[in-house]
Amino acid sequence: NVNLRPQFTNSIEANYTRSLEKGSITAGVFYRMIDDLINQAVYVDRFNLDRMVLTNDNFDATTAYGFEVSSNYKPLEWWSINASFDLFNQTQMGITESLDPNIENPTTADITQNTKEIENTVYNVRMINNFTATKQLTFTAFAMFRGPQKGIQFSNKSMFMTNIGARYSIFEGKGTVSLNYNDIFNTMKARFTATNPYALQGQFNWESNTVYVGFNYRFGDSKFRAKKRKSREDNVKDDNGMF
């Protein structure tokens with residue numbers, strides 16, 4: 001969209017990591033200032049006032065502050081956990097449009113614009129579990145939860161997803177057969193409500209409920225490839241060309 005201005009974020013954060021006997025935990029705080037926030041927007045269609053236009057637009061400055069905690073832990077030799085949680089407070093300001101549905105034969109002059117400021121608290125949780133059945137076979141279970149969130153125009157409801165997968169190593173570790181079942185409960189839906197420019201509610205569904213089967217084979221020696229890649233990067237760094 002050539003009419004959009006770039007979104008620019010200033011972020012300040014501080015983190016502390018503590019090593020544990022079977023893993024580690026990291027905690028941090030952050031503060032972010034976002035200029036020209038890019039987000040979805042709904043406007044009244046100037047060519048047909050019975051219709052709405054869903055697009056992306058820039059909104060005014062947004063600030064957010066909060067904390068996050070992440071950890072990797074291995075309770076058993078065959079079981080490892082990676083989990084994260086973040087909680088932050090967000091303030092947004094922008095312009096919304098409205099059109100009184102009680103007006104008969106409205107015109108574009110009846111469209112009103114209002115400056116709106118919202119403040120809400122958002123939280124997200126993620127967890128990945130890896131299970132080692134044998135030297136060749138591993139299983140994975142992933143789950144995420146995104147809490148409800150308010151925006152300038154939309155109020156998004158919570159969202160939840162669970163994935164499971166398996167990987168089997170063959171050909172002395174050079175080949176891998178993968179099987180993934182994504183969004184096994186078919187819960188990955190974006191549900192929202194809004195009051196401007198009209199009262200509405202809606203839902204977006206992705207093709208997230210999928211099964212993937214794949215085969216991967218690695219040719220050559222991985223150490224040799226890594227050395228070649230480092231050599232290429234060093235040559236690029238020594239080049240004084242324009243690009």
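Residues numbered from 1 in each chain as written. Predicted model: local features only at pLDDT ≥ 70, side-chain atom pairs only at ≥ 80, totals over all residues. Heavy atoms only, no water.

### Brief notes about the sheet that holds strand S6 (residues 79-98)
The strand order S1-S2-S5-S6-S7-S8-S11-S12-S15 describes an open sheet built from nine strands, whose pairing is antiparallel. Every interior strand has two partners, whereas the edge strands, strand S1 (8-20) and strand S15 (210-217), have only one. For this sheet, the mean angle separating the axes of adjacent strands, direction not counted, is 15°. Two elements, strand S7 (residues 112-132) and strand S8 (residues 137-146), share nine bridges in a ladder whose sense is antiparallel. Across the sheet, the residue bridging to threonine 132 is threonine 138, located in S8. (Pairing = 2+ DSSP bridges. Helix = DSSP H or I, 4+ residues; strand = E, 2+ residues; numbered from the N terminus. Axes fitted to C-alpha atoms, helices over the stretch in contact; angles between N-to-C directions.)

### Some details on the nonpolar core
Across soluble globular proteins, nonpolar side chains show a tendency to be buried alongside one another. In terms of nonpolar packing, the biggest core is built from seven residues, these being Ile34, Leu37, Ala41, Tyr43, Phe59, Ile118 and Ile152. Top contributing element to this core by residue count: strand S3 (residues 37-44), with three residues. Each residue touching tyrosine 43, except ones within four places of it in the same chain, is listed here: Arg51, Met52, Val53, Thr55, Asp57, Glu97, Gln153 and Pro197. In terms of nonpolar packing, the next biggest core, distinct from the first, is built from six residues, Phe142, Met159, Met188 and Ala190 among them. (Core = buried A, V, L, I, M, F, W, Y, C linked by side-chain atoms within 4.5 Å. Buried < 20%, exposed > 50% of the residue type's maximum accessible area, 1.4 Å probe, protein only. Contact = heavy atoms within 4.5 Å.)

### Digging into the packing of aromatic side chains
Inspection of the entire model under this criterion finds ten aromatic pairs. Considering the side-chain rings of phenylalanine 30 and phenylalanine 88, the 6.3 Å spacing of their centres and the 55° angle between planes classify their relative orientation as tilted. On the criterion of sequence distance, the pair formed by phenylalanine 30 in strand S2 (residues 23-35) and phenylalanine 88 in strand S6 is long-range, its members being 58 residues apart. Look at phenylalanine 30 and you get buried, because its relative accessible area is 5%. According to the relative accessible area criterion, phenylalanine 88 is buried, its value standing at 13%. For the pair phenylalanine 171 and tyrosine 217, a centre-to-centre distance of 6.0 Å together with 75° between the ring planes defines the contact as edge-to-face. With a gap of 46 residues between them, phenylalanine 171 in the loop between strand S11 (159-170) and strand S12 (175-182) and tyrosine 217 in strand S15 connect regions that are remote in the sequence. What makes tyrosine 217 partly exposed here is its relative accessible area of 32%. By way of ring pairs, the aromatic residues Trp78, Trp79 and Phe131 are connected into one cluster. In this structure, arginine 32 packs its charged tip against the face of phenylalanine 30, placed 4.0 Å from the ring centre. (Phe/Tyr/Trp six-rings, centres within 6.5 Å; stacked < 30°, edge-to-face > 60°. Lys NZ or Arg CZ within 6 Å of the ring centre and 35° of its normal.)

By themselves, these figures tell us nothing about what the structure is for.
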